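Here's the letter readout for the chains.
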Amino acid sequence: MPLQRFHIRTSSRREIVDITGEVQQAVSQSGCEEGLACVTAPHCTCTVYVNENETGLIADTLELIGKLTAGTSWRHDRIDDNADAHLAAAVMGNSICLPVSGGQVELGTWQRIMLVELDGPRDRRVTVTVVSG
Ligand code: ZN
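The rules behind these values
- Residues numbered from 1 in each chain as written.
- Predicted model: local features only at pLDDT ≥ 70, side-chain atom pairs only at ≥ 80, totals over all residues.
- Heavy atoms only, no water.
- Donors = N, O, S within 2.8 Å, 3.2 Å for Na, K, Ca; no water.
- Pairing = 2+ DSSP bridges.
- Helix = DSSP H or I, 4+ residues; strand = E, 2+ residues; numbered from the N terminus.
- Axes fitted to C-alpha atoms, helices over the stretch in contact; angles between N-to-C directions.
- Contact = heavy atoms within 4.5 Å.
- Salt bridge = Lys/Arg side-chain N within 4 Å of Asp/Glu carboxyl O.
- Buried < 20%, exposed > 50% of the residue type's maximum accessible area, 1.4 Å probe, protein only.
- Parallel < 35°, antiparallel > 145°, perpendicular 65-115°, else oblique.
- Left-handed = near helix turned anticlockwise from the far one by under 90°.
- Nonpolar A, V, L, I, M, F, W, Y, C, P; charged D, E, K, R; others polar.

Draft legend 1. Spatial organisation of the coordination of the zinc ion. In the first shell of the zinc ion, the protein supplies His76 (NE2), Asp80 (OD), Asp80 (OD), Asn82 (OD1) and His86 (NE2), at 2.0 to 2.5 Å from the metal. Between the donor residues of the zinc ion, the gaps in sequence give the motif H-x3-D-x1-N-x3-H.

Structure, rendered in structure tokens:
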């Protein structure tokens, strides 16, 4: 199946979760040996990115998001008080495309696939679309 899905239950308003294992499993289940995998968080206040899973860097990333979106007069806050989450998600983008080689996503030594919760805790869906090539 080219489209795989899995769910992540987050536990904080802002949180970064390593989903590399789940993505690798989805790619394995797709049966693709060589191609591309598109990993998407189909949400407006949640996103995915690739970087190192290091405690200090994760704290730095969350601090940067906080500084980037700090403010008390975002217009969207009149609706559901989460403009900061929407803005951070928009800046970070909501999908990544990665090469698949040997049936696995090819990552650099320190690269991990990370989900960023920006308005949790919530149940989040992640889709992995795999295209053989
Ligand atoms: Zn909103």
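Resuming the write-up.
Draft legend 2. Layout of the sheet that holds strand E2 (residues 15–18). Spatial strand order, E2-E7-E4: three strands in an open sheet with antiparallel pairing. In this open sheet, the two strands that pair with only one neighbour each are E2 and strand E4 (46–51). Adjacent strand axes in the sheet meet at a mean angle of 30 degrees when their direction is disregarded. As defined by bridge partners, E4 adjoins strand E7 (residues 112–117) across six bridges and the pair is classed as antiparallel. From the neighbouring strand, valine 50 faces E7, where its bridge partner is isoleucine 113. Most of the contacts of helix H2 (residues 55–69) go to E2, to which it runs at about 140 degrees, and overall it touches E2, E4 and E7.

Draft legend 3. Up close: the pattern of salt bridges. Using the criterion set out here, one finds eight salt bridges in the structure. Between arginine 13 and aspartate 119 there is a salt bridge; the shortest N-O distance is 3.1 Å. A residue pair is termed long-range when its members are at least 10 positions apart, and arginine 13 in the loop between strand E1 (3–9) and E2 and aspartate 119 in the loop between E7 and strand E8 (123–132) qualify at 106 residues. Exposure remark for arginine 13: the relative accessible area of 33% places this residue in the partly exposed category. Notably, a salt bridge pairs glutamate 63 with lysine 67, separated by 3.0 Å at the nearest N-O pair. Of this pair, glutamate 63 and lysine 67 both sit in helix H2, four residues apart, which is roughly one turn of that helix. Looking at glutamate 63, the relative accessible area reads 43%, which means it is partly exposed. Judged by relative accessible area, which is 59%, lysine 67 ranks as exposed.

Draft legend 4. Summary view of the environment of cysteine 46. As for its placement among the helices and strands, cysteine 46 is situated in strand E4. Assessed through its relative accessible area of 0%, cysteine 46 is described here as buried. Those residues within four positions of cysteine 46 in sequence are excluded, and the remaining contacts are Ala41, Ala89, Leu115, Val116, Leu118 and Arg124.

Draft legend 5. Seen up close, the sheet that holds E8. Within the open sheet, the five strands sit side by side as E1-E8-E3-E5-E6. Their pairing is antiparallel. The open sheet has two edge strands, E1 and strand E6 (104–105), and neither has a second partner. Here strand E3 (residues 34–40) runs beside strand E5 (residues 95–101); their pairing, made up of seven bridges, is antiparallel. Bridging from a neighbouring strand, leucine 36 pairs with proline 99 of E5.

Draft legend 6. Fine view of the packing of H2 against helix H4 (residues 83–92). Where H2 contacts H4, the two axes come as close as 9 Å, and the packing angle between them is 115 degrees. If you check the angle between H2 and H4, you find them roughly perpendicular. Note on packing geometry: the crossing formed by H2 with H4 is right-handed. Across the interface between the two elements, Ile65, Leu68 and Thr69 of H2 pack against Asp84, Leu87, Ala88, Val91 and Met92 of H4. Here the contact of H2 with H4 is built from residues that sort into six nonpolar, one polar and one charged.

Without other data, these values stay purely geometric and don't point to any function.
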